Amino acid sequence: MKIPPGLGALSAALASHSVVNLCGPLGSGKSTLARWLPVAARVDLCGLPASVAAERVRGLLARAPEGNGVLLVDSLDGPGQAEAVTAVLAEPRPSGAPEASGLPGAMGVMGSSGRRSRAPGAPSVLVVSRRPLRGLSGWADRHSPSVVPLKPWPAEDIEDLVRAAGLEDEEAVALAVRLAGGYPLPAALATRELLAGTPADAPGAVADAVTEEVLGRLDRERPRSGGRDRHALRLLATVGAGDERLLTAGPEVFSALAALSLVRRGPLGLAVREPYRSLFELAYAWRRPQAHHDVRTRAAGYRQTLLTERRDPHEQARIVEQGLFLSGKPALRRSLFPPVEDDALIGPARSGDADDIGRLMRRWAVRNGFDPRRSERVTEGWLASAPAAFHLARDRDGAPVALAALVPVGPDTADGIEPLLQQHAPDLLAPRPATDGDVGPGGPDGESGGGGGAGLFLGAAYGADTGAHAQMLRHILVQATLAGHLLVSTASPDYQSLLHALSFRRHGGIRDDVYRCGRRPEVYSQEFTATGLAGWIRRLGAGPAAAGTVLPTGASPAALTGQDLPALVGRALAGLRDPGGLAGNPLLALPELSSPPRLRAWLTDRVAALAACSTSTDREAGTILVAYYLGRSRTHQQIARALHLSRATYFRRLRRGLTLLATQLPPGQLPPSGHR
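Everything numeric here is computed off the predicted structure, so don't read it as measured data. (Residues numbered from 1 in each chain as written. Predicted model: local features only at pLDDT ≥ 70, side-chain atom pairs only at ≥ 80, totals over all residues. Heavy atoms only, no water.)

What's the story with the pairing of strand β11 (residues 390-394) in this structure? I'm lost.
If a strand is regular, its side chains alternate between the two faces of the sheet. Among the five residues in β11, five count as buried, and that is most of the element. Here β11 shows a buried face lined by Phe390, Leu392 and Arg394 and a second buried face lined by His391 and Ala393. In the sheet, strand β10 (residues 345-348) pairs with β11 via four bridges, with the strands oriented antiparallel. Counterpart to Pro348 in the pairing with β11 is His391. Alignment of β11 against strand β12 (residues 400-408), held across five bridges, turns out to be antiparallel. Bridge pairing links Phe390 to Ala405 in β12. (Buried < 20%, exposed > 50% of the residue type's maximum accessible area, 1.4 Å probe, protein only. Helix = DSSP H or I, 4+ residues; strand = E, 2+ residues; numbered from the N terminus. Pairing = 2+ DSSP bridges.)

Given below as structure tokens:
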């Protein structure tokens, strides 16, 4: 069996401290990790009253054997248990107890940290809990335990766990890994349900089985909790963040939810921690789909009302984030709110971060298929004009995991921005009066407001993993809300699809392939004025219902004149996983592809035919399109490695596939200059 993550850090803490607290959310693998240790004696406090739990721990300490084994205090999660057991661990040892025992109260060696160090040859006490114990008032400073928090497991470790249990179907494996969010318990429960016969195309049914077990385990924290609390937990998961008014359950239920280890307090109320939030909402939508829709709609209306009433920009930014969450667009949920817990701290880059910035920007270039040397020159231009423009996200250990280049728009930074805007620069960089009376996002005609030069320019965004990337994207939108306006230039089809889902205004492509990747960057903008934010969020919420309304009345193939058709095909392919992802794609101007279902069917058929053709080069191009756009979510690098292709060959084939599909668009309807 593979060694679980975190064992090294835990062993090191036990080797040097008399009391160690292993903490992590329900199902994060704490007990699994503890089984790898040389446990000399163990007491399980699950379901015990606080007073009984305290006596069990006192007895464990009194009977402590000599040697280097671990005294394990497991499942310290019941009502009042933490305070009662903390008092026992911090109290003086009984008279006659060996002074060299090294146990709490026997006082081993005082470390420089103020925590009691472990005496040689004495056992350590390992306390396993869902919440960290160090903040409890019962600890004297000199007795404070060493806390080892458990991180989510890497996705590949979760996948190994799922496959080891006997799950073989690729779709089922992908679902179990996605629902787990890095935690072994939901992975095991989802695997068990899938092996029992629940189909992988019914994720709500699988999530429901997982949450039933999770709710049973949560009852250990509040044994007298009832059905009302469980229902309120599902409602809270559905609305994302909820205050007492939004949950409409009364102060007692609100306080009961706040006491659960899976619930955290935040600026807009309570929120369920991921991945359990996603699991509870999936289960609720499966059990009561109409009620789920009604709850989300009511919450969206409540947030829109708050947005019109609040004037503090920071508060508006938090409400905007919740509005995006409640929009119902799968593309936004997938990109901005994946089922993983936020784990990074984000802030402006510091003077010593140049190497980290360079390293992350190189990864950004590789992920998007950009020429690294060209990307470095662009980065140097941003650093020269606005050295403080970069924002970095760091994980718990301080390692950089995500980056954004957010350049303030102004005369001093125009030289670094203009190459990414080119012919659009005169209009977009022109000074613009910053008045709160502007129409704001969307304007009166439904188009997003454009023009103006104030605000921020987003040149790059990168995250080492799904969670860090999503957290950085949300940070970008918060900064844009504070700044009032955001310009974006991107050659990534994925980002272009995201900006389309966000209803940003598309200004068009620039003249040059700046990054030498076979795609010209496209330019987008969005206003974030206070008076327009509510209207913008309201239109986003109407996304799924508007999926059949694609182009303004009178749209025709002439709308494609001068556009990069392979790029439009790529953008359409990137929206296939999203029910509303094809809405607004210019290819819908073609009469034979005039609705999202028609365009979806055409794309799927053509990609499948290309992957099955007899010409090896074209077949390889089709295989790449199938893997990236139709298969399970993978990066370009992962697919290139799986196909044993070099980076250059992979992107040549990708571009060839998009070009071949563009040449197969319904004949006789494209303007002569439409395909470049």
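Hey, could you run me through the side chain of Ser261 in this one?
On the secondary structure map, Ser261 appears in the loop between α11 (251-258) and β8 (263-266). The exposure class assigned to Ser261 is buried, which follows from its relative accessible area of 9%. Excluding residues within four positions of it along the chain, Ser261 makes contact with Arg130, Arg131, Leu218, Glu221 and Arg273. (Contact = heavy atoms within 4.5 Å.)

It is not clear to me how empty space enclosed by the protein should be interpreted in this structure. Could you clarify?
One way to see where empty space is left: roll a probe the size of a water molecule over the atoms. Evaluated as defined, the whole model comprises five cavities of 30 Å³ or more. Considered as a void within the structure, the largest cavity measures approximately 240 Å³ in volume. What lines the largest cavity is a set of 23 residues, among which Leu458, Ala461, Leu473, Val488 and Tyr495 lie closest to the centre. At the level of secondary structure, the elements contributing two or more residues to the lining of the largest cavity comprise α16 (354-368), β13 (456-463), α20 (466-483), β14 (485-490) and α21 (493-501). (1 Å grid on protein atoms, 1.4 Å probe; cavity = no way out; pocket = protein on both sides within 12 Å on 5 of 7 lines; lining within 4 Å. Points joined across faces, edges and corners; volume = space filled by probe spheres on them.)

Just to check I follow, could you spell out the packing of helix α6 (residues 170-180) against helix α8 (residues 203-218) for this structure?
Working note: a packed helix pair is described by the angle between its axes plus the distance between those axes. It is the contact of α6 with α8, at a shortest axis distance of 11 Å, that shows an interaxial angle of 50°. The orientation of α6 with respect to α8, classified from their angle, is oblique. In the crossing of α6 with α8, the sense of the turn from one axis to the other is right-handed. In this structure, α6 contributes Leu175, Arg178 and Leu179 to the contact, and α8 contributes Pro203, Val206 and Ala207. Taken together, the residues of the contact of α6 with α8 break down into five nonpolar, no polar and one charged. (Axes fitted to C-alpha atoms, helices over the stretch in contact; angles between N-to-C directions. Parallel < 35°, antiparallel > 145°, perpendicular 65-115°, else oblique. Left-handed = near helix turned anticlockwise from the far one by under 90°. Nonpolar A, V, L, I, M, F, W, Y, C, P; charged D, E, K, R; others polar.)

So what exactly am I meant to see when it comes to the packing of aromatic side chains here?
Aromatic rings in a pair are described by how distant their centres are and how their planes are angled relative to each other. This structure, assessed with the given rule, holds 10 aromatic pairs. On the basis of an interplanar angle of 80° and a centroid distance of 5.3 Å, the ring pair of Phe325 and Phe337 is categorised as edge-to-face. Of the two residues, Phe325 is situated in helix α14 (residues 313-325) and Phe337 in the loop between α15 (330-336) and β10; the sequence distance between them amounts to 12 residues. Ring geometry for Phe504 against Phe528: centres 6.2 Å apart, planes inclined by 70°, an arrangement best described as edge-to-face. (Phe/Tyr/Trp six-rings, centres within 6.5 Å; stacked < 30°, edge-to-face > 60°.)

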